[in-house]
Amino acid sequence: MVEKMILSTFKLGPITARYLKDNRGHVSWTIYPTKRATDFVLRTDTQVHSLVQAKLVQDAYDKNFSNGVSMYRSATTQSLTYNKQQVKEDSDTISVATYLKDHWDNTYIHTLCYHKDTAYLGVRTTFTNESDAVQHLALLSSFCLSGLSPFTDKNPVGQLELVRFRSKWAMEGRIERRPIEDYDLEESWKASGLAVAKFGQLGSMPVRRFFPIVGLTDASQDVTWLVKLAGAASWQLEALRLDDELVLTGGLPDQDYGQWQKTVEPKASFTTPWAYITVGSGRLEAVAHNFAPTTKADKLPVVFNEWATSWGKPSESSVETTVAALKAHDIDYYVIDAGWFADKNGDWQTNHGDWQVYQQAFPNGLKAATKTIHAAGLKAGLWFEMETVGAAAEQFQNTAHLAKKHDIPITAGTRRFWDMRDSWVQSYLTGKVIETLKTNNFDYLKIDYNDSLGVGVDSPEGLGAGLEDLIDNSLKFIHQIKADCPDMVIENCSSGGHRLTPAFMDITDFSSFSDAHESSCIPLIAANEQNIVPATKNLIWVVLHPEAEPDEFIYRLVSGFLGRICLSGNVTGLTSDQWQTVDAALALYQRCAPLISSGVPLRFGPDVLSYHDPQGWQVAGFSDTADLKTAGQVLLVAHTFDQPGLDRAVLPELGQGWQVQADFGCADLALDLNTNVTLNLNNHNFGAHVWLLERR
């Protein structure tokens, strides 16, 4: 009989981590809110599910009909036994390293890192080859969290919900919350036949179909666990159940799923990317906010990006006329987007890679454009898609330095891809990107990336490991840019939101939220991404045109209050009345900057089925506390879509006692604050309003 005991417990701010060990030496771990410590239940009828999942190529798969589906509980994993645990603490961090040994005497270190005054944990795994022979890993997890849910001696039916964030181009972040039973994540009549819900992404655009995030909500206990992977390239996540415990695990894709294999030389080590984990009670967006940095800004600089102004055809003259229209307003950056290199022989999608300034568009070079921008008191930005090459560029034929699969250059549409592992490529891009930025006095770099390398690239270790190495070198080049241009503000973009992952967001200043430039679903996407991207980093398109109806004009401006405003469009044609509307919105936006930057996201409204033709309504925004009943200040950002379906929407979660400090928006969308906060929708199609409220 297997006996289970508590190995150790660590209180890490609002999170408690508990490690369990059985009498065979297997080790698992779980986490729960520190305030719920007395509710923890030690299950004696379930297995210890190892906190590290690994498979060496020579070892067997598990027997539970999982071969070809999952490498969970491989013979490697089942051989892992406890060696020791080391705890280190300094003024900023606490780390817990749990050492395990496999039946080949290799060492595995499960590292937990907690930065004090935060509300999340970092987890990763290190494998050390202790033998005298080369070892080949087919799987090594970044994390494996079990014991879910730890508050009952039996998980009640219908109370555990799996949380995922779906994504497609220009429709990012749709939230999927379904009972685990919908995924067949139930135990069978005995602990046999592994239940698996596995998802992931293969390629160099880590956000496709799904974000690398998984969550679990115990509705009976009002507790939600969330895990996000660093997500540089390919990844996988799995929810599994063999007995009455639910298990979440993931990291790099395994050999079967993502053609990933890692060769580790004798006495050498390999460490996985980080996974980030949190747990909390209350609204999903409040728990997700645990990952956000604790920053409070008095001002949120506004970006103008001319993409939806010139649509890939910028010029020196267009910069001059647009800057002249902008300089009298509270706008901080002017970004020249794609096309500054596109000549008569190709457009921006086919002509990039040689990075020669199109002289007919910029007869005096880029420096003249930055001079115009700076003279107006704005900072100047420039677009690069530096990792790829267009079909009309000379470098498209430079196959010696391009990424290959089976010795053939990888081609996706009109794009090929630099092999970022190549020192020649790094040198070439240093000259073309970094020197262009420095020579022409740019302050801001927008990095774009508009197609995927696919499953992998040629490498002695295999396609998956080759891809991971190549993208690691892309990240290193971004670090080089930051080192060579320390004051450069860098935007992360990949056809909008295809790289909205910690690997890219953590080393850049802003991220493009989507390629939804003029879509009616913009506020839906922006509200979704409140769970994923800090508001201070999330650039939301606000594209303005003089022919827009007043309600449409306001609808777009109000959307920007859910993150960082990124203006674009035909601003040179705006009337003085329209500019007054813009100025009023920007003035309120800056007044709300401290709450937008530091507040806890909130969201109300019915689920919206179609993003292409949305119906219903939404109220999103920010609160100064996670508990809305005790909040002293909230920002409500309301949008109605087609056929809102009702005249009034009551928001009882906010409680009573509010008064309006400031507002902006469509006049017939109003608040009634006499009792509960009530939004008067008036069946208004595609309207918007924003209110800053304070409690009396």
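Further up the page is the structure itself.
For clarity, every value in this text was computed on a predicted model and none was experimentally measured.

Asks: Summarise the overall build of the protein chain; cite the residues concerned and give the values.
Replies: Regarding its fold elements, the protein chain presents 13 helices and 40 strands. Compactness check: the protein chain gives a C-alpha radius of gyration of 26 Å against a globular reference of 26 Å for 696 residues, within 12% of the reference. In terms of overall dimensions, the protein chain has a C-alpha envelope of 80 × 70 × 45 Å along the principal axes. Counting all 696 residues of the protein chain, 63% fall into the buried class. For the protein chain, contacts bridging at least 24 residues in sequence account for 69% of all contacts bridging at least 6.

Asks: Go over the side chain of Arg283 with me, naming the residues and quoting the values.
Replies: Mapped onto the elements, Arg283 comes out in the loop between β19 (275-281) and α3 (284-288). In terms of polar contacts, Arg283 uses its side chain to reach the side chain of Glu285, at 3.2 Å. Beyond its immediate sequence surroundings of up to four residues, Arg283 is in contact with Val600, Pro601, Leu602, Thr625, Ala626 and Leu628.

Asks: Give a detailed account of the packing of aromatic side chains, specifying residues and quantitative values.
Replies: In this description, a pair of aromatic rings is defined by centroid distance and the angle of the planes. Evaluated as defined, the whole model comprises 31 aromatic pairs. On the numbers, 5.8 Å between centres and 85° between planes, the contact of Phe10 with Tyr19 is edge-to-face. One aromatic cluster is present, built from ring pairs that chain together Trp307, Trp311, Trp340, Phe341, Trp348, Trp355, Trp383 and Phe384. When the ring centre of Tyr99 is taken as reference, the NZ or CZ atom of Lys84 above it lies at 4.7 Å.

Asks: Break down the pairing of strand β3 (residues 27-33) for me, with residues and values.
Replies: Moving residue by residue along a regular strand, the side chains alternate between the two faces of the sheet. Counting buried positions along β3 yields seven of seven residues, so the element is predominantly enclosed. Of the strand pairs in this sheet, strand β2 (residues 15-22) and β3 are connected by seven bridges, and their pairing is antiparallel. If you follow Leu20 over to β3, its bridge partner there is Ser28. Linking two consecutive strands that pair antiparallel, namely β2 and β3, is a turn of four residues; a positive phi of about 95° is found at Gly25 within it.

Asks: Describe the sheet that holds strand β27 (residues 415-417), with residues and values.
Replies: Read across the open sheet, the three strands follow the order β23-β27-β26; overall the sheet is antiparallel. Strands with a single pairing partner mark the edges of an open sheet, and in this sheet they are β23 (388-390) and β26 (411-412). Strand direction decides the pairing type here: β23 and β27, joined by three bridges, are antiparallel. Directly across from Val389, in β27, lies its bridge partner Arg416.

Asks: Outline the packing of helix α7 (residues 423-439) against helix α8 (residues 463-484), supporting the account with residue identities and numerical values.
Replies: Packed helix pairs are characterised by how far apart their axes lie and by the angle those axes make with each other. Where α7 contacts α8, the two axes come as close as 11 Å, and the packing angle between them is 35°. Seen along the crossing, α7 lies across α8 with a hand that is right-handed. Residue-level contacts link Gln426, Leu429, Thr430, Val433, Ile434 and Lys438 of α7 to Asn473, Phe477, Gln480, Ile481 and Asp484 of α8. Its residues assigned to classes, the contact of α7 with α8 shows five nonpolar, four polar and two charged.

Asks: Pulling in residues and values, what's your account of the nonpolar core?
Replies: Counting 129 residues, the largest nonpolar core has Ile336, Trp340 and Leu635 as the members making the most contacts within it. When residues of this core are assigned to their parent elements, the largest contribution, seven residues, is made by α8. Once you skip the residues sitting within four places of it in the chain, Trp340 turns out to touch Pro314, Trp355, Gln356, Val357, Tyr358, Phe362, Leu366, Leu382, Trp383 and Phe384.

Asks: Can you break down the sheet that holds strand β21 (residues 333-336) residue by residue, with the values?
Replies: To summarise the sheet geometry, strands pair through backbone hydrogen bonds and adopt either a parallel or an antiparallel arrangement. Taking strand neighbours around the barrel as the criterion, the eight strands line up as β20-β21-β22-β28-β29-β30-β31-β32 in a closed arrangement whose pairing is parallel. When the angles between neighbouring strand axes are averaged without regard to direction, this sheet yields 30°. Pairing between strand β29 (residues 489-492) and strand β30 (residues 510-512): two bridges, direction parallel. Counted as the bridge partner of Asn492 is Ser511 from β30. Of the strands in this sheet, β22 (379-384) and β28 (444-447) are in contact with α7, which crosses β22 at around 165°.

Asks: Just give me the short version of the environment of Glu694, but keep the residues and values in it.
Replies: The residue Glu694 is located in strand β40 (residues 688-695) in this model. With 60 residues separating them in the primary sequence, Glu694 and Val634 have C-alpha atoms 6.6 Å apart. Apart from residues lying up to four places away in sequence, Glu694 is in contact with Gly632, Gln633, Gly657, Trp658, Gln659 and Gln661. Side chain to side chain, Glu694 and Gln633 meet in a polar contact 3.1 Å long.

Asks: Describe the pairing of β19, listing the residues and the values that go with them.
Replies: Judged by how many residues are buried, β19 sits mostly within the fold: six of seven residues are covered. Here strand β14 (residues 223-229) pairs with β19 via seven bridges, running antiparallel. Each residue of the ladder has a partner; that of Lys228, found in β19, is Tyr276.

Asks: With reference to specific residues and values, describe the packing of helix α11 (residues 550-559) against helix α12 (residues 576-591).
Replies: At a minimum axis distance of 10 Å, the contact between α11 and α12 shows a crossing angle of 25°. As judged from the angle between their axes, α11 and α12 are roughly parallel. As α11 packs across α12, the resulting crossing turns out to be right-handed. Contacts between α11 and α12 pair Phe553, Ile554 and Leu557 from the former with Gln578, Thr581, Val582 and Ala585 from the latter. For the contact of α11 with α12, the class distribution of residues is five nonpolar, two polar and no charged.

Asks: Give a detailed account of the state of the cysteines, specifying residues and quantitative values.
Replies: Under the counting rule described, the total for this entry stands at zero disulfides. With no disulfide of its own, Cys113 lies closest to Cys144 among cysteine sulfurs, the gap being 20 Å. Of the residues examined, Cys113 reaches a relative accessible area of 16% and is grouped as buried.

Asks: Describe the side chain of Ser149, and please don't skip the residues or the numbers.
Replies: If you trace the backbone, Ser149 turns up in the loop between β9 (135-148) and β10 (160-167). According to the relative accessible area criterion, Ser149 is buried, its value standing at 3%.

Conventions adopted
- Residues numbered from 1 in each chain as written.
- Predicted model: local features only at pLDDT ≥ 70, side-chain atom pairs only at ≥ 80, totals over all residues.
- Heavy atoms only, no water.
- Helix = DSSP H or I, 4+ residues; strand = E, 2+ residues; numbered from the N terminus.
- Rg over C-alpha atoms; globule rule 2.2 N^0.38 Å.
- Buried < 20%, exposed > 50% of the residue type's maximum accessible area, 1.4 Å probe, protein only.
- Contact = heavy atoms within 4.5 Å.
- Polar contact = N/O pair within 3.5 Å; in protein donor to acceptor, adjacent residues only side chain to side chain.
- Phe/Tyr/Trp six-rings, centres within 6.5 Å; stacked < 30°, edge-to-face > 60°.
- Lys NZ or Arg CZ within 6 Å of the ring centre and 35° of its normal.
- Pairing = 2+ DSSP bridges.
- Axes fitted to C-alpha atoms, helices over the stretch in contact; angles between N-to-C directions.
- Left-handed = near helix turned anticlockwise from the far one by under 90°.
- Nonpolar A, V, L, I, M, F, W, Y, C, P; charged D, E, K, R; others polar.
- Core = buried A, V, L, I, M, F, W, Y, C linked by side-chain atoms within 4.5 Å.
- Parallel < 35°, antiparallel > 145°, perpendicular 65-115°, else oblique.
- Disulfide = S-S within 2.5 Å.

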